[in-house]
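# A closer look at the structure
Residue-level listing of the chains:
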Amino acid sequence: MDAIEKAIRNAFEKGNAEDRAFRERVYRSAFAALDRALQANPDVTVEVAIKRRKAIQAKITEIESEYLPAVPDVGPQGDAPAVELGGDPAPAVEVAADPAPAVETGQPASPVVVVDEPVQSASDAPRSRVLPVVPDIMPDAGLPGAPAIDMSAPDSAEAATEVAPDRDERRIRGRRLPLTAIFLTVTLLAAVGIGLFFAVQTGVFKTQAQLDTAPPEAPPTVNDDDFTPADGDTGPAKPGAADQSRDWINVFSPTDASHVSAPSDAKAEVMKDDTGSFLRIRSGASGSAISFDVGQGVLEQLAGKHAVFDIIARSEEGKETQISVDCNFGELGDCGRKRYAVGQQQNEYLFDVQFPKKHPGSAGTIAVNSDFDKQGKAADIYEIRVSVEP
C-alpha cells in the first residue's frame, strides 16, 4: 500500500466510509494536503507536481471503485434486447481524467463521465467491471467533518518516488544559463570600470609633468653671503667690460697703498708681474679683513645717487678662493656683505649701492676678506673704483 492510499484509508477509519459525502470530503482533504506539500517545497518542478496530482487522482479512482454496486455486464451482441429490471437500463460509465490539471490555481481537473450505449440487464447475465465515477473533488480549505490528511512527510518505505525532471525541465534550466552569464559579465565590466575610474583619479596614466601640479619654482636668488653678488650686482666681468660710457672715480690703486690698513694677523703687499701691479692681501686666521679707505670727497659725489663699485681682482696662482666684501660709508650706510668666488684669471667684481641724499660726516671703508673659508688663501687686488649711474 503506497503512501497516498494509506493516508486516505486511515482517514476513512475516522468516519463512515460508506457515506459518499464523507468520502468526497476525505478526497478533498487529500488534494488540499498535496497542495500544501507542493507549496512548501519550492524545488518541486511543474512536471513533478503534475505527476503527483495524477497519481493521487488515479489512487482515488481505484479506491472509489470499491464502493460502487455491481451492474449487469454488456452482452457480446450489441443488438441484443435490453432486459428490464424495474427501471431504465444502467449505462456503463468510464472516467477520463484531464491529463493536465490546472497547477496555477491549485484546482485538480474534474473527471469526465462518458456514457456508452445502453446495455442489457438480465438477472442471469454475467457481471462486468464498472469504472467508478470519481466525485468532483476540489481542495477546499476548512472542510467540515473531513479528517486531516498529512501528506508532507510520508513514511520512507511508502513515500512517493521522486521523479527526475524530464527534457523540458532541462531545457528550462538551460535557458537560465544565459542570465547567469549576463550577470557575471555585467559584474565583471562594472568592476573593470570602477578600477579604471580610480586609476584615472589617482593619476596612474598621467605623466610626471602632469602629476607635478605645484607652482613653478622661483629661480634661485642670491643673498649677501652667496658666491655671486646680490641684486643689482653684476658679479665678475672681463677687464675693461665696465669701462664703456662710465666716468670712474678711483678708490684704490696699487701705486698708493697708504690708504690700506691690515690687522696684525693679516698681510698686504704690493707686487708686480706681467699683468701689472697689484696688492696681494692675505687675511689672518681670525678671518680679519683688509680695509680700503673711501675718501669723504668721493662719498660726497655719491650722496643721493646710485653708484656701481668695481673690484678688479684674481686669486693667488693655483689657488682659487672666496672673498667677502663689507662696506661702511658712515652717514650714508653700508653695502651689505658680498661674497664672490675668485679664480686665477683677472676679473671685475661689481656691486651697486643706492646712497641716501645726505652729507657724509666722514670717510668710509671697503673691507675685503681674501679667504672666506679661513684657509690662508690670498687674493690680488688690482684696483677699486666707483661710478655713478646716469
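The text that follows walks through the structure, step by step, so that each part is easy to find. (Residues numbered from 1 in each chain as written. Predicted model: local features only at pLDDT ≥ 70, side-chain atom pairs only at ≥ 80, totals over all residues. Heavy atoms only, no water.)

A few words on a nonpolar patch on the surface. Where nonpolar side chains cluster on the molecular surface, the patch consists of Leu188, Val192, Leu196, Val200, Val204 and Phe205 and spans about 600 Å² of accessible area. With respect to the helices, strands and loops of the structure, Val200 is situated in helix H4 (residues 167-201). For Val200, a relative accessible area of 48% gives the class partly exposed. (Patch = residues over 30% accessible without salt bridge, like charges linked within 9 Å, V, L, I, M, F, W, Y side chains within 5 Å. Areas by Shrake-Rupley, 256 points an atom, 1.4 Å probe, with all protein chains shown as cover. Salt bridge = Lys/Arg side-chain N within 4 Å of Asp/Glu carboxyl O. Helix = DSSP H or I, 4+ residues; strand = E, 2+ residues; numbered from the N terminus. Buried < 20%, exposed > 50% of the residue type's maximum accessible area, 1.4 Å probe, protein only.)

Take helix H2 (residues 20-40) next. In this model, H2 (21 residues) spans 30 Å end to end at C-alpha, consistent with the 30 Å of a helix rising 1.5 Å per residue. Put simply, Asp19 is the residue that caps the front of H2, since its side-chain oxygen is 3.2 Å from the backbone nitrogen of Ala21. (Expected span 1.5 Å × (residues − 1). Polar contact = N/O pair within 3.5 Å; in protein donor to acceptor, adjacent residues only side chain to side chain.)

The next subject is the packing of helix H1 (residues 3-12) against helix H3 (residues 46-64). With their axes 10 Å apart at the nearest point, H1 and H3 run at an angle of 50 degrees to one another. Classified by the angle their axes make, H1 and H3 are oblique. Considering the relative orientation of H1 and H3, their crossing is right-handed. Judged by residue contacts, Ile4, Glu5, Ile8, Arg9 and Phe12 of H1 engage Ala55, Ile56, Lys59, Ile60 and Ile63 from H3. (Axes fitted to C-alpha atoms, helices over the stretch in contact; angles between N-to-C directions. Parallel < 35°, antiparallel > 145°, perpendicular 65-115°, else oblique. Left-handed = near helix turned anticlockwise from the far one by under 90°. Contact = heavy atoms within 4.5 Å.)

Structurally, Arg314 is set in strand S9 (residues 306-315). A relative accessible area of 12% means that Arg314 is categorised as buried. A distance of 2.5 Å separates polar atoms of two side chains, one belonging to Arg314 and the other to Asp273. Within the structure, Arg314 has its side chain in polar contact with the side chain of Tyr382 (distance 3.1 Å). Setting aside its immediate chain neighbours within four residues, Arg314 contacts Asp273, Thr275, Phe278, Val342, Gly343, Gln344, Gln345, Gln346, Ala379, Asp380 and Tyr382.

Within the largest apolar cluster, 36 residues are counted, with the highest numbers of intra-cluster contacts made by Phe292, Phe309, Phe329, Phe351 and Ile366. Setting aside its immediate chain neighbours within four residues, Phe309 contacts Leu302, Phe329, Tyr349, Leu350, Phe351, Val353, Phe355, Ile366, Arg385 and Val386. Among the nonpolar cores identified, the runner-up in size contains 18 residues, and Ile8, Phe22, Leu34 and Val44 belong to it. (Core = buried A, V, L, I, M, F, W, Y, C linked by side-chain atoms within 4.5 Å.)

Scanning the entire structure with this criterion turns up 11 aromatic pairs. Seen from their ring centres, Phe252 and Phe292 are 4.8 Å apart, and the 70 degrees between their planes marks the pair as edge-to-face. Pair noted here: Phe252 is in strand S4 (residues 249-252) and Phe292 is in strand S8 (residues 290-294), with a separation of 40 residues, a long-range link. When its relative accessible area of 1% is taken as the criterion, Phe292 is described as buried. These aromatic residues form a ring-pair network of at least three members: Phe12, Phe22, Tyr27 and Tyr67. Sitting above the plane of the Trp248 ring, Arg385 keeps its charged end 4.3 Å from the centroid. (Phe/Tyr/Trp six-rings, centres within 6.5 Å; stacked < 30°, edge-to-face > 60°. Lys NZ or Arg CZ within 6 Å of the ring centre and 35° of its normal.)

On to the pairing of strand S6 (residues 267-273), then. Of the strand pairs in this sheet, S6 and strand S7 (residues 276-282) are connected by seven bridges, and their pairing is antiparallel. Considered in S7, the bridge of Glu269 is made with Arg280. In this structure, the hairpin formed by S6 and S7 is closed by a connection of two residues. (Pairing = 2+ DSSP bridges.)

Time to look at the pattern of salt bridges. Taken as a whole, this structure holds 16 salt bridges when the rule is applied. Ionic pairing is found between Asp380 and Arg314, a salt bridge with its closest N-O pair at 3.0 Å. On the criterion of sequence distance, the pair formed by Asp380 in strand S14 (residues 378-388) and Arg314 in strand S9 is long-range, its members being 66 residues apart. Accessibility assignment for this pair places Asp380 and Arg314 in one class, buried. Of the charged contacts, one joins Asp326 and Arg337 as a salt bridge, the two residues approaching to 3.4 Å between their closest N and O atoms. In this pair, Asp326 is assigned in strand S10 (residues 321-328) and Arg337 in the loop between S10 and strand S11 (338-342), connecting sequence segments 11 residues apart. Overall, Asp326 belongs to the partly exposed group, its relative accessible area being 27%. By relative accessible area, Arg337 is classed as partly exposed at 34%. Each of Asp273, Arg280, Arg282, Arg314, Glu316 and Asp380 takes part in a single network of salt bridges with overlapping partners.

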